[in-house]
Amino acid sequence: CTDASCKGRCGEKFNKKNHCHCNKKCDKHNNCCSDYKKLCSGGASNDVGGGHSGSTSHRDIDPDLNEATHDHYSDNDPVSNKVNHDEHSDASCKGRCGEKFNKKNHCHCNKKCDKHNNCCSDYKKLCSGGASNDVGGGHSGSTSHREVDISNEEIKEVSEILYKSDINKATEADVTLNKQEMAQNTKEKDDLCEEPLYQYVNEEIFERPTYKSFISLLDNYDRRTGTDETYTEDEAAEQDIFLKEMMKTNVMKELYKFFHKKGLCKNDQEFVDDLKKMWFGLYSRSSGEQDSSGFEHVFVGEVKKGKVSGFHNWIRFYLLEKKGMVNYHSHNYDGPLTSYPDVLGKQFAWDGFYKEVGTQIIGSSPEFDFALYTLCFMSRPGKKCKVSLDGHELAIQTYEWTKSTYNNGKKFIATAYLTF
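Residues numbered from 1 in each chain as written. Predicted model: local features only at pLDDT ≥ 70, side-chain atom pairs only at ≥ 80, totals over all residues. Heavy atoms only, no water.

For the chain, an unreviewed UniProt entry supplies the name Protein endoU and the organism Engystomops pustulosus. As stated in UniProt under Sequence similarities (unreviewed entry), the record for the chain gives "Belongs to the ENDOU family." (UniProt positions renumbered as here; feature names shortened; annotations may be inferred.)

Put into structure tokens, the structure is as follows:
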């Protein structure tokens with residue numbers, strides 16, 4: 001869609017770069033596109049997913065930037081909250097296999113649509129074993145992450161099992177924090193803390209296989225979006241080593257056992273292949289370059305439009321703070337746990353780029369973070385996922401990447417983070 005038309009743009013936020021606009025205020029300011037009334041104000045609509053022009057579905061949110069914009073810390077940043085119109089029309093099952101029922105859709109792509117005779121015309125071809133023309137389509141007919149019912153209680157039970165299985169986590173003797181000041185206003189960018197956050201870390205724990213293989217991945221990325229992230233053979237091998245070490249742990253064995261029981265994976269190799277694609281599969285957050293992945297965003301961190309996005313791992317934070325590349329400003333949330341792992345919401349600058357609200361699970365092993373975020377992404381994609389850690393209820397928010405898919409409609413991870 002060009003910015004001279006409202007096609008695919010009804011209800012979008014104001015962008016001064018556009019020649020004309022497609023929201024309620026454009027009438028008042030006399031700067032609507034010529035087809036605004038036809039497409040967005042009750043006339044016939046040919047908007048993406050037509051029929052509910054101007055509406056923004058949950059999956060349309062672009063989780064590129066400060067994750068705070070997706071919860072109660074919203075700063076109304078027009079870049080962070082921009083509408084991302086999905087390339088898949090709701091008249092097709094492309095990228096939608098197994099999605100939940102939505103009455104606004106003209107046709108549907110889940111197991112029940114056959115029964116109700118309201119499947120999209122390409123449902124059987126794309127979702128039920130026929131040849132797939134989906135992006136990255138490999139084993140057509142594979143189970144989408146959203147096809148299996150998983151209850152809230154099951155998620156809490158499994159998260160407690162993961163918590164108890166994390167024998168590689170740091171102890172109180174391994175990590176000492178210096179939290180200092182709590183911020184009252186996270187938007188002011190004030191540096192309230194003179195000292196680093198980490199007063200002491202026992203770096204011997206970094207020699208454990210999962211920590212070591214995790215740390216080896218951290219230098220494989222360019223934090224700038226718009227820069228191609230193609231993997232070298234050595235970097236791809238490091239991903240395989242990391243996943244191999246992950247699957248040796250009780251944490252990941254328990255997660256696999258749960259998903260296998262639910263029918264989301266036939267065997268451990270299929271599970272590992274899925275993990276590799278959903279976490280390390282590359283996609284574009286900017287100008288068409290394959291510049292991002294779920295792993296880079298969540299665990300390594302990125303910079304887009306002058307802001308830090310993602311960056312939700314304590315090990316990464318500690319290593320950069322030790323080098324003087326991260327400056328801890330303050331915290332605005334101190335989690336409920338009294339031992340590690342615990343949760344801290346904080347503000348910091350990464351080489352001068354600011355993170356307004358960023359949560360990290362402190363003292364956890366790499367396998368615990370990886371398993372917990374995967375549990376929530378596969379069980380509650382695009383929603384808040386209630387987990388339980390040592391009897392404390394916490395919430396993890398995930399978002400799917402919607403512009404490209406793999407394996408017949410499965411979604412890459414866009415982001416995952418603990419919210420409060």
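So, next bit.
Further remarks concern the nonpolar core. Judged by nonpolar contacts, the single largest core of 86 residues is most densely connected at Tyr 198, Phe 259, Trp 279, Phe 295 and Trp 314. If one sorts the elements of this core by residue count, helix α12 (residues 366–379) sits on top with nine residues. Once residues within four sequence positions are removed from consideration, Trp 314 is found in contact with Val 175, Tyr 198, Val 201, Ile 205, Phe 206, Tyr 211, Gln 360, Ile 361, Ile 362, Gly 363 and Ser 364. (Core = buried A, V, L, I, M, F, W, Y, C linked by side-chain atoms within 4.5 Å. Buried < 20%, exposed > 50% of the residue type's maximum accessible area, 1.4 Å probe, protein only. Helix = DSSP H or I, 4+ residues; strand = E, 2+ residues; numbered from the N terminus. Contact = heavy atoms within 4.5 Å.)

Here we take up the packing of aromatic side chains. Going through the model one piece at a time under the given rule, you end up with 31 aromatic pairs. Aromatic side chains Phe 206 and Trp 314 sit 6.2 Å apart centroid to centroid with 50 degrees between the ring planes, which places their arrangement in the tilted category. Pair noted here: Phe 206 is in the loop between β2 (198–201) and α6 (209–215) and Trp 314 is in helix α11 (residues 314–322), with a separation of 108 residues, a long-range link. Classification of Phe 206 as buried rests on a relative accessible area of 7%. A residue is classified by how much of its surface remains accessible, and Trp 314, at 0% relative accessible area, is buried. When the centroid spacing of 4.8 Å and the interplanar angle of 25 degrees are considered together, the rings of Phe 280 and Phe 295 count as stacked. Taken as a pair, Phe 280 in helix α9 (residues 268–280) and Phe 295 in helix α10 (residues 294–300) lie far apart in primary sequence, 15 residues in all. Each member of the pair Phe 280 and Phe 295 is classed as buried. Ring-pair connections join several aromatic residues into one group, and the members of that group are Phe 214, Tyr 221, Tyr 231, Phe 242, Trp 279, Phe 280, Phe 295, Phe 299, Phe 370 and Tyr 373. (Phe/Tyr/Trp six-rings, centres within 6.5 Å; stacked < 30°, edge-to-face > 60°.)

Further remarks concern α9. Helix length check: α9, at 13 residues, gives a terminal C-alpha distance of 18 Å against a target of 18 Å (1.5 Å per residue), a fit within 8%. Check the buried side of α9 and you find it contacts α7 (233–247), α8 (250–261), α10, α12, β9 (392–406) and β10 (410–419). Structurally, the start of α9 carries an N-cap: the backbone nitrogen of Gln 269 is 3.2 Å from a side-chain oxygen of Asn 267. (Expected span 1.5 Å × (residues − 1). Polar contact = N/O pair within 3.5 Å; in protein donor to acceptor, adjacent residues only side chain to side chain.)

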